[in-house]
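Residue-level listing of the chains:
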Amino acid sequence: SASTTPASSNAAQQLFERAQKVIPGGVNSPVRAFGSVGGTPRFIASASGAHITDSEGKRYIDYVGSWGPMLLGHAHPEVIEAVQLAAVNGLSFGAPTELEVQMAELICSIVPSIESVRMCSSGTEATMSAIRLARGFTGRDDILKFEGCYHGHSDSLLVKAGSGALTLGVPSSPGIPADFAKHTLTLPFNDEEALRKLFAERGDSIACIIVEPIAGNMNFIEPNAGYLQAMRELCTQHGTLLIFDEVMTGFRVSLGGAQEHYGIKPDLTTLGKVIGGGMPVGAFGGRRDIMQQIAPVGPVYQAGTLSGNPIAMCAGIKTLQLLQKPGFHSELHAKTGRLLSGLKAAADEAGIPLCVAHAGGMFGFFFSSADKVTSFDEVMACNAEHFKQFFHGMLDAGVYLAPSAFEAGFSSAAHSEEDIQQTIDIARKVFLDMAAA
Ligand code: PMP
């Protein structure tokens, strides 16, 4: 139909064609290619506050926020200034800096369970290193992850469920030996009974559970009541480490992340995105006795030439300082709630089934008549055609949403009430067009 045919100019198409000649798929990370929604990706030239501007000069209200880092909005003047001031002192030393100490102190003071923390350069590195540490600490090889959760693209974690309820993982990608993937057990998210059954059978051989405490890589799925508590209890009983992957939720769903939001203390936490304020940064931390197993104090090896990069530390430190402002997260949560209830009301008016959820500055919407979406299977059952129509309708009218129905949305402190209202007004028209199509 007309509404699913993406409008993009010749110039944008030419740029995309040029990109495809020298970059696989024209992009440096797959979801940017608009593969699941079709059409030509927008090439971004600049961004400020809640807005991004593409190579044609068209401006959008942005709900991707670089996939999470831009909690203060794009190009926040104080963050940019911190980066500029840092840059003149040199870009990298490969030796310790006071900035890294400040960053670690900040993280330990904000995230309840973190006593000691190691910086790295991406979320993938953070989770990969945390898994190695958990295996080294426990002397066990098997790990448990959940279907629909994403923890970066390292070999042990790029694994999906095999067939059957409790499964050995199968590689999600060629290039991952089945011999690696078999050590990654997978279960459906939010299935407490399956979790208890697995631990009863083989809990003592599992090094760690790694989980997104709110799943943000299959749209936005909150844990059922008691589910994370059950993980905590089972891990403690069986000597298994609990790793919360808070790369997305950290500093975003509340200041202390999902662990503060739900009152659960994981053994290890992985972080990324927000702590770099847009610069490439990741971190993993947690119980001191476990972290002491990392080189150079312990035998588990982990390293990085650019880890703790001074420019990245400055962007991150300034970001963390600014979002410690009292009321920051409650205001963001309330504002994001107004956006979601506005979208829901507009969809209802048009007779389009929509289900919404949010926490802090992270949200999800599902083209589904369910009251609440709680599992990967339910996400898969949502109306994909509706998503595509909505995505392109919004994009054409100047609202940039994640180009996939399996991603969370991100709001920021820079989104004004006008931005929110404008988004809802645009959505109302798009929903009506969809209903009429
Ligand atoms: N963990 C989670 C929960 C993520 O959402 C992501 C990225 N979206 C990662 C890990 C990997 O982070 P990166 O892309 O920085 O490697």
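Because the structure is predicted, anything quoted here is derived from the model rather than measured. (Residues numbered from 1 in each chain as written. Predicted model: local features only at pLDDT ≥ 70, side-chain atom pairs only at ≥ 80, totals over all residues.)

**Observations regarding the overall build of the protein**
Summing up its helical and strand segments, the protein has 14 helices and 17 strands in all. The dimensions of the protein, computed from C-alpha atoms along their principal axes, are 60 × 55 × 45 Å. Counting all 437 residues of the protein, 50% fall into the buried class. For the protein, contacts bridging at least 24 residues in sequence account for 73% of all contacts bridging at least 6. (Helix = DSSP H or I, 4+ residues; strand = E, 2+ residues; numbered from the N terminus. Buried ≥ 20, exposed ≤ 12 C-beta atoms within 10 Å, placed from the backbone. Contact = placed C-beta atoms within 7 Å.)

**A short note on the sheet that holds strand E15 (residues 362-366)**
Strands sit in the order E14-E15-E17 across an open sheet of three strands; the sheet is antiparallel. Looking at which strands have only one partner, the edges of the open sheet turn out to be strand E14 (355-359) and strand E17 (409-410). Where E14 and E15 come together, five bridges link them in antiparallel fashion. Residue pairing in the sheet places Val356 in a bridge with Phe365 of E15. (Pairing = 2+ DSSP bridges.)

**Side note on helix H10 (residues 310-322)**
The end-to-end C-alpha distance of H10, which contains 13 residues, comes to 18 Å, matching closely the 18 Å that a straight helix rising 1.5 Å per residue would cover. When you tally the buried positions in H10, you get 11 out of 13 residues, the bulk of the element. Every buried residue of H10 is listed here: Pro310, Ile311, Ala312, Met313, Cys314, Ala315, Gly316, Ile317, Lys318, Thr319 and Leu320. Along its buried surface, H10 packs onto helix H2 (77-87) and helix H3 (98-110). (Expected span 1.5 Å × (residues − 1).)

**Overview of the site of the ligand**
Contacts to the ligand come from 16 residues, most closely from Ser122, Gly123, Thr124, Gly152 and Val247. Among the elements that line the shell around the ligand, the one with the most residues is helix H4 (residues 123-138), at three residues. Partitioned by chemical class, the residues of the shell around the ligand number four nonpolar, 10 polar and two charged. (Near = placed C-beta within 6 Å. Nonpolar A, V, L, I, M, F, W, Y, C, P; charged D, E, K, R; others polar.)

**Overview of the domain arrangement of the protein**
Domains assigned within the protein are domain 1 (7-71 + 327-436) and domain 2 (77-322). Here the C-alpha centre of domain 2 lies 26 Å away from the C-alpha centre of domain 1. Counting residues at the interface gives 24 residues for domain 1, matched by 28 residues for domain 2. Mapped onto the side of domain 1 that touches domain 2, the elements with two or more residues apiece are E14, E15 and helix H12 (376-380). No other element matches the four residues that E15 contributes to the side of domain 1 that touches domain 2. (Domains from an automatic or database assignment.)

**A word on the UniProt feature "modified residue: N6-(pyridoxal phosphate)lysine" (unreviewed entry) in the protein**
This chain's UniProt record puts "modified residue: N6-(pyridoxal phosphate)lysine" (unreviewed entry) on Lys273. Tracing the chain through its elements places Lys273 in the loop between strand E12 (268-272) and strand E13 (282-286). We classify Lys273 as buried; it has 28 C-beta atoms within 10 Å. If near-sequence neighbours (up to four positions away) are discounted, Lys273 is found in contact with Trp67, Gly68, Pro69, Gly123, Val247 and Met248. (UniProt positions renumbered as here; feature names shortened; annotations may be inferred.)

**Digging into the packing of H3 against H10**
In the contact formed by H3 and H10, the axes pass within 9 Å of each other and the chain directions differ by 35°. The chirality of how H3 crosses H10 is left-handed. In contact with Leu99, Glu100, Gln102, Met103, Leu106 and Ile110 of H3, H10 contributes Pro310, Met313, Cys314, Gly316, Ile317 and Leu320. (Axes fitted to C-alpha atoms, helices over the stretch in contact; angles between N-to-C directions. Left-handed = near helix turned anticlockwise from the far one by under 90°.)

**Brief notes about the sheet that holds strand E2 (residues 51-54)**
With mixed pairing, four strands are arranged side by side in an open sheet as E1-E2-E3-E16. On the outer flanks of this sheet lie strand E1 (44-48) and strand E16 (399-400), each paired with one strand and no other.

**Regarding the confidence of the model for the protein**
Note: predicted coordinates in regions of low pLDDT should not be interpreted at a detailed level. On average, the protein scores 95 in pLDDT, and the residues at 70 or more come to 97%. Averaged pLDDT values over the elements of the protein bottom out at 68 in strand E7 (residues 167-168) and peak at 99 in strand E11 (residues 241-245). A low-confidence stretch, residues 1-5 (pLDDT under 50), is modelled with 10 contacts involving residues beyond four sequence positions or located in other chains. Model confidence for the complex: the whole-complex pTM is 0.96, and ipTM, which rates the interface, is 0.99. (pLDDT = per-residue confidence, 0-100.)

**Observations concerning the nonpolar core**
As a rule of thumb, nonpolar side chains are buried together in soluble globular proteins. Core analysis: the biggest nonpolar cluster contains 131 residues, and Ala134, Cys208, Leu241, Ile243 and Ala283 have the highest contact counts within it. The residues touching Cys208, leaving out its near neighbours within four places in the chain, are Ile131, Ala134, Ile143, Thr240, Leu241 and Ile243. (Core = buried A, V, L, I, M, F, W, Y, C linked by C-beta atoms within 7 Å.)

**Quick look at helix H14 (residues 417-436)**
Spanning 20 residues, H14 covers 29 Å between terminal C-alpha atoms, matching the ideal 28 Å at 1.5 Å per step. Looking only at H14, the buried set comprises Asp419, Ile420, Thr423, Ala427, Val430, Phe431 and Met434. Projected onto a plane normal to the axis of H14, the buried residues spread over an arc of 105° and lie on a single side. Across H14 from its buried face, at more than 90 degrees, point the exposed residues Glu417, Glu418 and Ala436. The inward-facing, buried residues of H14 abut strand E3 (59-62), helix H11 (328-350), helix H13 (384-396) and E16. (Arc of directions from axis to C-beta.)

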